[in-house]
Amino acid sequence: RETIAGQVNLWQPSTNELESAIHARFLEQILGDTVATLPTQCKIVYQLSEQEQLKVPEIARQLQISPNTARNHLARARQIIRTTINEAGAAMLLL
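Since the model is a prediction, treat every value here as computed from it, not as a measurement.

Peer 1: How do you make sense of the packing of helix α2 (residues 40-50) against helix α3 (residues 56-63) when you look at a structure like this?
Peer 2: A pair of packed helices is captured by two measures, namely the crossing angle of their axes and the spacing between those axes. Their axes nearest at 10 Å, the elements α2 and α3 cross at an angle of 130°. Taken together, the axes of α2 and α3 are oblique relative to one another. As α2 runs across α3, the sense of the crossing is right-handed. Across from Gln41, Ile44, Val45, Leu48 and Ser49 in α2, the residues of α3 making contact are Ile59, Gln62 and Leu63. Partitioning the contact of α2 with α3 into residue classes produces five nonpolar, three polar and no charged.

Peer 1: I keep staring at the pattern of salt bridges and nothing clicks. Help me out?
Peer 2: Opposite charge on two side chains permits pairing when their charged atoms draw close. Tallying each qualifying case throughout the model produces two salt bridges. A salt bridge links Glu28 to Arg25; its shortest N-O distance comes to 3.7 Å. With Glu28 and Arg25 both in helix α1 (residues 15-37) and three residues apart, the pair spans about one turn of that helix. Between Glu50 and Arg78 there is a salt bridge; the shortest N-O distance is 2.8 Å. Residue Glu50 is found in helix α2, and its partner Arg78 is found in helix α4 (residues 67-93); the two are separated by 28 residues along the sequence. A relative accessible area of 34% means that Arg78 is categorised as partly exposed.

Peer 1: Sorry, what's going on with unusual backbone geometry here?
Peer 2: Glycine aside, a negative phi is what most residues show, and trans is what most peptide bonds show. With a phi angle near 60°, Gln53 is a residue other than glycine that sits in the positive phi range. Inspection of the secondary structure assignment puts Gln53 in the loop between α2 and α3. Its relative accessible area of 58% is what places Gln53 among the exposed residues. With a phi close to 55°, Gln64 is a non-glycine residue in the positive phi region. The topology assignment puts Gln64 in the loop between α3 and α4.

Calculation rules
Residues numbered from 1 in each chain as written. Predicted model: local features only at pLDDT ≥ 70, side-chain atom pairs only at ≥ 80, totals over all residues. Heavy atoms only, no water. Axes fitted to C-alpha atoms, helices over the stretch in contact; angles between N-to-C directions. Helix = DSSP H or I, 4+ residues; strand = E, 2+ residues; numbered from the N terminus. Parallel < 35°, antiparallel > 145°, perpendicular 65-115°, else oblique. Left-handed = near helix turned anticlockwise from the far one by under 90°. Contact = heavy atoms within 4.5 Å. Nonpolar A, V, L, I, M, F, W, Y, C, P; charged D, E, K, R; others polar. Salt bridge = Lys/Arg side-chain N within 4 Å of Asp/Glu carboxyl O. Buried < 20%, exposed > 50% of the residue type's maximum accessible area, 1.4 Å probe, protein only.

Here you go:
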């Protein structure tokens, strides 16, 4: 933001805000790409949990699988996502 006579120009984002917006968009892209490549059952369970806000027992009932299986699929999906985002973040630091 530029300051003109003590007033903040709200039309231009600061460098930090711009960088934050770029990083957020980058992470959104990584998340979307990672979810798209998850194993099918992991992806379905993850989407039901995160997008539909269903609890594990509800997911298990809907997919006709045991709650433990649903929990395992969700844990695997989250681990894959976490690892991918961590790797992407390390790569972003090199830029």
